[in-house]
Amino acid sequence: MRFGFILSLALPLSLAACGGSDNDEASELEIPDLNDANSGASAEARTLFARYIEEEGEDFEGCFGDLPRIDADPANAQFRDGSEMPGSAAVNRVVIAIDASGSMAGRVGGQTKMSAARAAAESFIASLPDNVEVGLLAFGHRGDNTESGRERSCAAVDTIYPLGAVNRDRIANAMQGFEATGWTPLASAINKAGGSFSSSDSPGSQVVYVVSDGEETCGGDPVSAARALNESDVQAVVNIIGFDLKASDRAQLRAVAKAGGGEFVEANTPSELQKMLREAARRRDNNVAMGKTNVRNNTQAGGNAIRTNLAMSKLSTCLSRSWSSEKRGLRDWLKTRDADNDTAREIRALIDQRRDRYRARADEYGRVARQRQQDARDILDADTDRARDEYEEVQRN
(Lines give C-alpha, C1' and ligand atoms only; values in the text may rest on other atoms or scores of the structure.)
Protein backbone atom coordinates (compact mmCIF):
# COMPACT_ATOMS: atom_id res chain seq x y z
CA MET A 1 0.00 0.00 0.00
CA ARG A 2 1.35 3.42 -0.87
CA PHE A 3 0.61 6.36 1.37
CA GLY A 4 1.12 9.90 0.17
CA PHE A 5 -0.15 12.81 2.18
CA ILE A 6 -3.15 14.41 0.56
CA LEU A 7 -3.76 18.04 0.25
CA SER A 8 -6.49 18.21 -2.32
CA LEU A 9 -8.97 20.78 -1.17
CA ALA A 10 -12.60 20.11 -1.47
CA LEU A 11 -14.26 23.40 -0.86
CA PRO A 12 -16.89 22.68 -3.49
CA LEU A 13 -18.19 26.21 -3.13
CA SER A 14 -18.05 26.84 -6.83
CA LEU A 15 -14.32 26.58 -6.38
CA ALA A 16 -13.62 26.06 -10.02
CA ALA A 17 -10.40 27.97 -9.47
CA CYS A 18 -9.42 25.59 -6.68
CA GLY A 19 -10.49 22.40 -8.36
CA GLY A 20 -13.26 21.23 -6.03
CA SER A 21 -14.20 17.64 -5.15
CA ASP A 22 -17.05 15.91 -3.35
CA ASN A 23 -15.81 16.22 0.21
CA ASP A 24 -18.88 16.27 2.43
CA GLU A 25 -16.98 17.77 5.34
CA ALA A 26 -15.99 20.89 3.46
CA SER A 27 -18.68 23.49 3.89
CA GLU A 28 -20.67 24.86 0.98
CA LEU A 29 -19.34 28.35 1.49
CA GLU A 30 -21.16 30.28 -1.16
CA ILE A 31 -19.94 33.84 -1.59
CA PRO A 32 -23.27 35.71 -1.12
CA ASP A 33 -24.49 38.28 -3.56
CA LEU A 34 -23.85 41.56 -1.78
CA ASN A 35 -26.11 43.33 -4.22
CA ASP A 36 -29.30 42.43 -2.37
CA ALA A 37 -31.46 44.04 0.28
CA ASN A 38 -29.97 41.85 3.05
CA SER A 39 -26.58 43.52 2.71
CA GLY A 40 -27.73 46.48 4.82
CA ALA A 41 -26.86 48.98 2.10
CA SER A 42 -29.13 51.26 0.15
CA ALA A 43 -30.20 50.40 -3.38
CA GLU A 44 -27.99 53.19 -4.75
CA ALA A 45 -24.94 51.92 -2.87
CA ARG A 46 -25.54 48.34 -4.00
CA THR A 47 -25.89 49.42 -7.61
CA LEU A 48 -22.69 51.48 -7.53
CA PHE A 49 -20.85 48.72 -5.68
CA ALA A 50 -21.81 46.14 -8.32
CA ARG A 51 -20.66 48.48 -11.07
CA TYR A 52 -17.37 49.23 -9.30
CA ILE A 53 -16.58 45.55 -8.80
CA GLU A 54 -17.39 44.84 -12.44
CA GLU A 55 -15.19 47.68 -13.70
CA GLU A 56 -12.39 47.89 -11.12
CA GLY A 57 -12.75 44.92 -8.77
CA GLU A 58 -9.82 42.67 -7.91
CA ASP A 59 -9.68 38.94 -8.74
CA PHE A 60 -10.34 37.43 -5.31
CA GLU A 61 -11.11 34.09 -6.97
CA GLY A 62 -7.64 34.07 -8.45
CA CYS A 63 -6.15 34.15 -4.95
CA PHE A 64 -7.41 30.58 -4.46
CA GLY A 65 -5.90 29.26 -7.67
CA ASP A 66 -2.67 27.85 -6.21
CA LEU A 67 -4.18 26.01 -3.26
CA PRO A 68 -3.83 22.23 -3.09
CA ARG A 69 -7.13 20.43 -2.95
CA ILE A 70 -7.96 18.36 0.10
CA ASP A 71 -9.35 14.94 -0.69
CA ALA A 72 -11.65 13.22 1.77
CA ASP A 73 -9.26 10.25 1.87
CA PRO A 74 -5.89 11.23 3.40
CA ALA A 75 -4.28 8.05 2.03
CA ASN A 76 -4.50 9.21 -1.60
CA ALA A 77 -2.41 12.32 -1.40
CA GLN A 78 -1.76 14.38 -4.44
CA PHE A 79 -1.77 18.07 -5.17
CA ARG A 80 -4.27 19.84 -7.38
CA ASP A 81 -1.72 20.05 -10.18
CA GLY A 82 -1.13 16.29 -9.97
CA SER A 83 2.40 16.57 -8.61
CA GLU A 84 3.61 14.68 -5.56
CA MET A 85 6.12 15.46 -2.88
CA PRO A 86 9.43 13.70 -3.53
CA GLY A 87 10.21 10.63 -1.48
CA SER A 88 12.99 10.21 1.00
CA ALA A 89 16.15 11.38 -0.73
CA ALA A 90 19.66 10.07 -0.29
CA VAL A 91 21.29 11.58 2.77
CA ASN A 92 23.79 14.28 1.85
CA ARG A 93 24.23 16.22 5.11
CA VAL A 94 24.65 14.76 8.60
CA VAL A 95 25.12 16.47 11.95
CA ILE A 96 26.16 14.29 14.90
CA ALA A 97 25.26 15.79 18.28
CA ILE A 98 27.15 14.27 21.22
CA ASP A 99 25.84 14.49 24.77
CA ALA A 100 28.63 15.76 27.05
CA SER A 101 26.63 15.86 30.27
CA GLY A 102 28.26 14.65 33.47
CA SER A 103 26.70 11.20 33.26
CA MET A 104 28.67 10.55 30.05
CA ALA A 105 31.78 10.38 32.25
CA GLY A 106 30.42 7.12 33.65
CA ARG A 107 32.09 3.90 32.59
CA VAL A 108 30.64 1.13 30.45
CA GLY A 109 32.64 -1.84 29.18
CA GLY A 110 35.92 -0.60 30.63
CA GLN A 111 35.80 2.91 29.15
CA THR A 112 33.91 6.12 29.67
CA LYS A 113 30.70 6.60 27.74
CA MET A 114 32.22 9.75 26.27
CA SER A 115 35.17 7.79 24.87
CA ALA A 116 32.77 5.24 23.42
CA ALA A 117 30.66 7.98 21.83
CA ARG A 118 33.74 9.56 20.22
CA ALA A 119 34.89 6.23 18.82
CA ALA A 120 31.42 5.38 17.53
CA ALA A 121 31.07 8.76 15.84
CA GLU A 122 34.45 8.44 14.13
CA SER A 123 33.60 4.92 12.96
CA PHE A 124 30.26 6.10 11.62
CA ILE A 125 31.82 9.01 9.74
CA ALA A 126 34.39 6.68 8.19
CA SER A 127 31.56 4.55 6.80
CA LEU A 128 29.81 7.42 5.02
CA PRO A 129 30.12 8.02 1.27
CA ASP A 130 32.61 10.71 0.29
CA ASN A 131 29.88 13.04 -0.97
CA VAL A 132 28.16 13.29 2.42
CA GLU A 133 28.87 16.46 4.38
CA VAL A 134 29.33 16.05 8.14
CA GLY A 135 29.10 18.37 11.12
CA LEU A 136 29.69 17.74 14.82
CA LEU A 137 28.40 19.47 17.91
CA ALA A 138 28.71 18.88 21.64
CA PHE A 139 26.23 19.91 24.30
CA GLY A 140 26.45 20.24 28.08
CA HIS A 141 30.26 20.27 28.06
CA ARG A 142 30.90 23.33 30.25
CA GLY A 143 30.08 24.18 33.83
CA ASP A 144 29.35 21.08 35.88
CA ASN A 145 26.41 18.93 36.85
CA THR A 146 25.76 20.74 40.12
CA GLU A 147 22.98 23.28 40.49
CA SER A 148 25.53 26.12 40.54
CA GLY A 149 26.96 24.98 37.21
CA ARG A 150 23.61 24.41 35.54
CA GLU A 151 23.19 27.78 33.80
CA ARG A 152 26.62 27.64 32.17
CA SER A 153 26.20 24.01 31.22
CA CYS A 154 22.74 24.47 29.73
CA ALA A 155 24.10 27.27 27.53
CA ALA A 156 26.89 25.02 26.25
CA VAL A 157 25.86 23.89 22.77
CA ASP A 158 28.78 24.33 20.38
CA THR A 159 29.69 23.34 16.86
CA ILE A 160 33.02 21.58 17.10
CA TYR A 161 33.28 20.75 13.40
CA PRO A 162 31.27 22.89 10.96
CA LEU A 163 29.11 21.05 8.45
CA GLY A 164 31.20 20.35 5.38
CA ALA A 165 33.47 17.87 3.65
CA VAL A 166 35.00 15.24 5.90
CA ASN A 167 38.55 15.84 7.12
CA ARG A 168 39.21 12.91 9.44
CA ASP A 169 42.27 14.41 11.13
CA ARG A 170 40.40 17.61 11.97
CA ILE A 171 37.41 15.62 13.18
CA ALA A 172 39.61 13.47 15.42
CA ASN A 173 41.16 16.61 16.92
CA ALA A 174 37.78 18.23 17.38
CA MET A 175 36.55 15.16 19.26
CA GLN A 176 39.19 15.72 21.91
CA GLY A 177 38.21 19.33 22.54
CA PHE A 178 35.54 18.69 25.19
CA GLU A 179 34.83 16.47 28.17
CA ALA A 180 31.70 15.15 29.83
CA THR A 181 30.80 17.49 32.65
CA GLY A 182 27.37 19.13 32.86
CA TRP A 183 23.64 19.03 32.22
CA THR A 184 21.69 17.99 29.09
CA PRO A 185 20.35 20.81 26.85
CA LEU A 186 18.90 18.38 24.30
CA ALA A 187 16.33 20.77 22.77
CA SER A 188 18.99 23.44 22.26
CA ALA A 189 21.25 20.86 20.64
CA ILE A 190 18.55 19.89 18.14
CA ASN A 191 17.92 23.56 17.34
CA LYS A 192 21.66 24.16 16.90
CA ALA A 193 21.98 21.14 14.61
CA GLY A 194 19.08 22.40 12.50
CA GLY A 195 20.79 25.76 12.13
CA SER A 196 23.57 24.03 10.20
CA PHE A 197 21.21 23.02 7.42
CA SER A 198 19.74 24.99 4.55
CA SER A 199 16.34 24.85 2.88
CA SER A 200 15.82 21.61 0.98
CA ASP A 201 13.38 20.28 -1.60
CA SER A 202 14.43 16.72 -0.70
CA PRO A 203 12.80 15.58 2.55
CA GLY A 204 15.15 13.48 4.67
CA SER A 205 18.35 14.40 2.84
CA GLN A 206 19.58 16.24 5.96
CA VAL A 207 19.84 14.16 9.13
CA VAL A 208 20.67 14.65 12.80
CA TYR A 209 22.04 11.79 14.91
CA VAL A 210 21.93 12.49 18.65
CA VAL A 211 24.01 10.25 20.91
CA SER A 212 22.81 10.65 24.50
CA ASP A 213 22.55 8.71 27.74
CA GLY A 214 19.61 10.66 29.15
CA GLU A 215 16.72 13.02 28.71
CA GLU A 216 16.56 16.82 28.64
CA THR A 217 17.57 18.39 31.99
CA CYS A 218 17.71 22.07 31.05
CA GLY A 219 13.99 22.78 30.80
CA GLY A 220 13.76 22.65 27.01
CA ASP A 221 11.21 20.78 24.91
CA PRO A 222 13.19 18.45 22.62
CA VAL A 223 10.03 16.83 21.20
CA SER A 224 8.79 20.19 19.92
CA ALA A 225 12.29 21.07 18.70
CA ALA A 226 12.54 17.83 16.70
CA ARG A 227 9.07 18.24 15.22
CA ALA A 228 9.72 21.85 14.26
CA LEU A 229 12.97 20.91 12.52
CA ASN A 230 11.36 18.01 10.67
CA GLU A 231 8.45 20.19 9.50
CA SER A 232 10.56 23.24 8.63
CA ASP A 233 11.84 24.07 5.18
CA VAL A 234 15.05 22.09 5.82
CA GLN A 235 12.89 18.94 6.28
CA ALA A 236 15.56 17.24 8.42
CA VAL A 237 15.16 13.89 10.18
CA VAL A 238 16.15 13.56 13.85
CA ASN A 239 17.45 10.17 15.03
CA ILE A 240 18.24 9.28 18.65
CA ILE A 241 20.82 6.70 19.70
CA GLY A 242 20.31 6.07 23.42
CA PHE A 243 23.42 4.82 25.22
CA ASP A 244 23.18 3.01 28.56
CA LEU A 245 19.82 4.60 29.26
CA LYS A 246 17.82 4.59 32.45
CA ALA A 247 14.37 3.17 31.97
CA SER A 248 12.85 6.53 32.94
CA ASP A 249 14.62 8.30 30.05
CA ARG A 250 13.45 6.05 27.21
CA ALA A 251 9.97 7.48 26.72
CA GLN A 252 11.15 11.03 26.08
CA LEU A 253 13.96 10.05 23.73
CA ARG A 254 11.68 7.75 21.78
CA ALA A 255 9.15 10.60 21.48
CA VAL A 256 11.88 12.96 20.25
CA ALA A 257 12.84 10.59 17.44
CA LYS A 258 9.23 10.01 16.45
CA ALA A 259 8.51 13.75 16.36
CA GLY A 260 11.62 14.24 14.23
CA GLY A 261 10.56 11.62 11.69
CA GLY A 262 13.48 9.42 12.67
CA GLU A 263 14.55 6.30 14.54
CA PHE A 264 15.14 5.60 18.23
CA VAL A 265 17.62 2.83 19.02
CA GLU A 266 19.51 1.78 22.14
CA ALA A 267 22.99 0.50 22.90
CA ASN A 268 24.31 -0.81 26.20
CA THR A 269 27.98 -1.40 25.39
CA PRO A 270 30.60 0.51 23.36
CA SER A 271 30.54 -2.11 20.61
CA GLU A 272 26.73 -1.94 20.45
CA LEU A 273 26.94 1.84 20.22
CA GLN A 274 29.21 1.64 17.18
CA LYS A 275 26.95 -0.93 15.60
CA MET A 276 23.75 0.97 16.33
CA LEU A 277 25.06 4.26 14.98
CA ARG A 278 25.97 2.58 11.70
CA GLU A 279 22.79 0.52 11.66
CA ALA A 280 20.54 3.56 12.21
CA ALA A 281 21.23 4.76 8.68
CA ARG A 282 21.15 1.28 7.16
CA ARG A 283 17.81 0.49 8.79
CA ARG A 284 16.33 3.63 7.26
CA ASP A 285 17.47 2.59 3.80
CA ASN A 286 16.31 -1.00 4.29
CA ASN A 287 12.87 0.07 5.38
CA VAL A 288 12.48 2.13 2.21
CA ALA A 289 13.87 -0.71 0.10
CA MET A 290 11.36 -3.10 1.69
CA GLY A 291 8.57 -0.80 0.58
CA LYS A 292 7.78 0.22 4.16
CA THR A 293 7.90 3.93 3.59
CA ASN A 294 7.99 4.99 7.23
CA VAL A 295 10.59 7.73 6.94
CA ARG A 296 9.41 8.74 3.48
CA ASN A 297 5.88 9.11 4.73
CA ASN A 298 6.87 11.24 7.69
CA THR A 299 9.05 13.52 5.62
CA GLN A 300 6.42 13.65 2.88
CA ALA A 301 3.75 14.60 5.40
CA GLY A 302 5.99 17.35 6.71
CA GLY A 303 6.73 18.53 3.19
CA ASN A 304 3.04 18.64 2.34
CA ALA A 305 2.33 20.62 5.50
CA ILE A 306 5.02 23.12 4.53
CA ARG A 307 3.62 23.43 1.02
CA THR A 308 0.10 24.00 2.30
CA ASN A 309 1.23 26.54 4.91
CA LEU A 310 3.08 28.47 2.25
CA ALA A 311 -0.01 28.39 0.03
CA MET A 312 -2.16 29.64 2.92
CA SER A 313 0.25 32.48 3.61
CA LYS A 314 0.21 33.43 -0.06
CA LEU A 315 -3.60 33.29 -0.05
CA SER A 316 -3.84 35.59 2.98
CA THR A 317 -1.46 38.09 1.39
CA CYS A 318 -3.38 38.01 -1.89
CA LEU A 319 -6.72 38.64 -0.20
CA SER A 320 -5.34 41.54 1.84
CA ARG A 321 -3.67 43.09 -1.19
CA SER A 322 -6.83 42.77 -3.28
CA TRP A 323 -8.98 44.34 -0.58
CA SER A 324 -6.52 47.22 -0.09
CA SER A 325 -6.42 47.86 -3.82
CA GLU A 326 -10.21 48.02 -4.06
CA LYS A 327 -10.42 50.43 -1.14
CA ARG A 328 -7.72 52.69 -2.56
CA GLY A 329 -9.27 52.88 -6.00
CA LEU A 330 -12.80 53.60 -4.79
CA ARG A 331 -12.33 57.31 -3.94
CA ASP A 332 -11.27 58.38 -7.43
CA TRP A 333 -13.90 56.16 -9.03
CA LEU A 334 -16.68 57.69 -6.89
CA LYS A 335 -15.66 61.23 -7.84
CA THR A 336 -16.90 60.54 -11.35
CA ARG A 337 -20.25 59.24 -10.02
CA ASP A 338 -21.22 62.14 -7.74
CA ALA A 339 -21.87 59.77 -4.82
CA ASP A 340 -22.53 61.42 -1.46
CA ASN A 341 -20.59 60.56 1.70
CA ASP A 342 -23.21 58.19 3.09
CA THR A 343 -23.31 56.20 -0.12
CA ALA A 344 -19.50 56.07 -0.25
CA ARG A 345 -19.45 54.77 3.32
CA GLU A 346 -21.94 52.04 2.44
CA ILE A 347 -19.87 50.96 -0.56
CA ARG A 348 -16.72 50.77 1.55
CA ALA A 349 -18.66 48.59 4.00
CA LEU A 350 -19.72 46.32 1.14
CA ILE A 351 -16.08 46.00 0.07
CA ASP A 352 -15.21 45.00 3.64
CA GLN A 353 -18.00 42.41 3.62
CA ARG A 354 -16.71 41.02 0.34
CA ARG A 355 -13.26 40.62 1.88
CA ASP A 356 -14.65 39.02 5.07
CA ARG A 357 -16.58 36.42 3.12
CA TYR A 358 -13.55 35.42 1.14
CA ARG A 359 -11.56 35.25 4.36
CA ALA A 360 -14.21 32.97 5.82
CA ARG A 361 -13.76 30.75 2.79
CA ALA A 362 -9.98 30.71 3.36
CA ASP A 363 -10.49 29.90 7.06
CA GLU A 364 -12.67 26.94 6.10
CA TYR A 365 -9.94 25.72 3.80
CA GLY A 366 -7.45 25.94 6.67
CA ARG A 367 -9.76 24.09 9.05
CA VAL A 368 -10.27 21.19 6.66
CA ALA A 369 -6.57 21.14 5.70
CA ARG A 370 -5.46 20.88 9.33
CA GLN A 371 -7.90 18.03 9.97
CA ARG A 372 -6.75 16.20 6.84
CA GLN A 373 -3.12 16.64 7.89
CA GLN A 374 -3.84 15.09 11.27
CA ASP A 375 -5.82 12.24 9.68
CA ALA A 376 -2.95 11.54 7.31
CA ARG A 377 -0.37 11.66 10.10
CA ASP A 378 -2.39 9.10 12.07
CA ILE A 379 -2.35 6.80 9.06
CA LEU A 380 1.36 7.33 8.48
CA ASP A 381 2.20 6.71 12.14
CA ALA A 382 0.30 3.42 12.03
CA ASP A 383 2.08 2.44 8.82
CA THR A 384 5.46 3.36 10.32
CA ASP A 385 4.82 1.23 13.41
CA ARG A 386 3.70 -1.68 11.25
CA ALA A 387 6.75 -1.34 8.99
CA ARG A 388 9.10 -1.32 11.96
CA ASP A 389 7.44 -4.41 13.46
CA GLU A 390 7.67 -6.28 10.18
CA TYR A 391 11.30 -5.25 9.64
CA GLU A 392 12.29 -6.35 13.15
CA GLU A 393 10.50 -9.66 12.60
CA VAL A 394 12.52 -10.19 9.42
CA GLN A 395 15.73 -9.37 11.30
CA ARG A 396 14.92 -11.84 14.08
CA ASN A 397 14.30 -14.61 11.58
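Scope of this entry: the structure provided in the associated data block. (Residues numbered from 1 in each chain as written. Predicted model: local features only at pLDDT ≥ 70, side-chain atom pairs only at ≥ 80, totals over all residues. Heavy atoms only, no water.)

**Considerations on the state of the cysteines**
At step 1: For the structure on display, the rule yields two disulfides.
At step 2: Two residues share a disulfide in this structure: C154 and C218, whose sulfurs sit 2.0 Å from each other. Between C154 and C218 the sulfur-sulfur dihedral comes to about -85°; the bridge is accordingly left-handed. In this pair, C154 sits in helix α4 (residues 150-154) while C218 sits in the loop between β6 (206-212) and α7 (222-231), placing the two residues 64 residues apart along the sequence.
At step 3: C154 sits in the buried class, given a relative accessible area of 16%.
At step 4: With a relative accessible area of 21%, C218 lands in the partly exposed category.
At step 5: When the bonded cysteines of the chain are counted from the start of the sequence, the pairing works out to 1-4, 2-3. (Disulfide = S-S within 2.5 Å. Helix = DSSP H or I, 4+ residues; strand = E, 2+ residues; numbered from the N terminus. Buried < 20%, exposed > 50% of the residue type's maximum accessible area, 1.4 Å probe, protein only.)

**Quick look at the pattern of salt bridges**
At step 1: Tallying each qualifying case throughout the model produces 15 salt bridges.
At step 2: Here R354 makes a salt bridge to E326, at a shortest N to O gap of 2.9 Å. Note that R354 is positioned in helix α11 (residues 341-396) and E326 in helix α10 (residues 294-335), a separation of 28 residues in sequence.
At step 3: Classification of R354 by relative accessible area gives buried; the value is 12%.
At step 4: The salt bridge partner of D342 is R345, with a shortest N-O separation of 2.1 Å. With D342 and R345 both in helix α11, this residue pair falls three residues apart, about one helical turn. (Salt bridge = Lys/Arg side-chain N within 4 Å of Asp/Glu carboxyl O.)

**Considering the nonpolar core**
At step 1: Counting 33 residues, the largest nonpolar core has I96, I98, F124 and L273 as its most contacted members.
At step 2: Contributions of two or more residues to this core are made by β1 (93-99), α3 (113-127), β4 (133-139), α5 (168-175), β6, β7 (237-243), β8 (261-267) and α9 (270-289).
At step 3: Here the element with the most residues in this core is α3; it accounts for seven residues.
At step 4: Sequence-distant contacts of I98, that is, excluding residues within four places in its chain, are made with M114, A117, A121, L137, A138, F139, M175, F178 and V211.
At step 5: Counting residues in each nonpolar core, the second largest holds 27 residues, with L186, F197, V208 and L253 among its members. (Core = buried A, V, L, I, M, F, W, Y, C linked by side-chain atoms within 4.5 Å. Contact = heavy atoms within 4.5 Å.)

**Some details on the packing of aromatic side chains**
At step 1: In total, this model carries four aromatic pairs according to the counting rule given.
At step 2: Both rings, one in F124 and one in Y209, keep their centres 5.1 Å apart while their planes meet at 65°; by these two values the pair is edge-to-face. Of this pair, F124 sits in helix α3 while Y209 sits in strand β6, and the two are 85 residues apart along the sequence. No difference in accessibility class separates F124 from Y209, as the two residues are buried.
At step 3: Put simply, the rings of F60, F64 and Y358 pair up and form one aromatic cluster.
At step 4: Directly above the ring of F178 sits R118, whose terminal nitrogen or CZ lies 5.1 Å from the centroid. (Phe/Tyr/Trp six-rings, centres within 6.5 Å; stacked < 30°, edge-to-face > 60°. Lys NZ or Arg CZ within 6 Å of the ring centre and 35° of its normal.)

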